[in-house]
Amino acid sequence: MHQGKGILTTRQRRLAWLGFLLAAIQAPVSAKLVADSSWLFSLCVALMVATVIIADDAARRQPAEARPRD
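Residues numbered from 1 in each chain as written. Predicted model: local features only at pLDDT ≥ 70, side-chain atom pairs only at ≥ 80, totals over all residues. Heavy atoms only, no water.

J.: What is the right way to look at the pattern of salt bridges in this model?
T.: Oppositely charged side chains may form a pair once their charged atoms are brought near each other. Here the structure, examined in full by the defined rule, presents three salt bridges. The residue Asp57 makes a salt bridge to Arg13 at a minimum N-O spacing of 2.4 Å. Placement of Asp57 in helix H2 (residues 39–61) and of Arg13 in helix H1 (residues 10–33) is noted, with a sequence separation of 44 residues between them. A relative accessible area of 22% means that Asp57 is categorised as partly exposed. Relative accessible area serves as the criterion here: at 19%, Arg13 is assigned to the buried category. Between Arg60 and Asp56 there is a salt bridge, and its shortest N-O distance comes to 2.8 Å. Of this pair, Arg60 and Asp56 both sit in helix H2, four residues apart, which is roughly one turn of the helix. On the basis of relative accessible area, Asp56 is assigned to the buried category, the value being 0%. (Salt bridge = Lys/Arg side-chain N within 4 Å of Asp/Glu carboxyl O. Helix = DSSP H or I, 4+ residues; strand = E, 2+ residues; numbered from the N terminus. Buried < 20%, exposed > 50% of the residue type's maximum accessible area, 1.4 Å probe, protein only.)

J.: I keep staring at H1 and nothing clicks. Help me out?
T.: At 3.6 residues per turn, the α-helix brings residues three or four places apart onto the same side. For H1, which comprises 24 residues, the first-to-last C-alpha distance of 35 Å matches the rise-based estimate of 34 Å (1.5 Å per residue) to within 8%. Of all the positions in H1, only Arg13, Ala16, Ala23, Ala27 and Ser30 are classed as buried. The elements touched by buried residues of H1 are H2. (Expected span 1.5 Å × (residues − 1). Contact = heavy atoms within 4.5 Å.)

J.: Hey, could you run me through the environment of Ala23 in this one?
T.: Within the secondary structure, Ala23 is located in helix H1. Expressed as a C-alpha distance, the spacing of Ala23 and Phe41, which sit 18 residues apart in the sequence, is 9.1 Å. Aside from chain neighbours lying at most four places away, what touches Ala23 is Ser42, Val45 and Ala46.

So, in structure tokens, the structure goes:
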């Protein structure tokens, strides 16, 4: 079975994972250090990046024939 191509390149995927990990780590650290709720922004960014990574995984798992043609 031939796997489909994702929406991200390999380099973009690695950078997305790095961004996700940094934002996910920064959220609890800033929640401890800052009195206001600005840490929620880091959490939202991490969730948005995770959504892109999940969409890329779904596109990669589809067979190439099942995807619509451009």
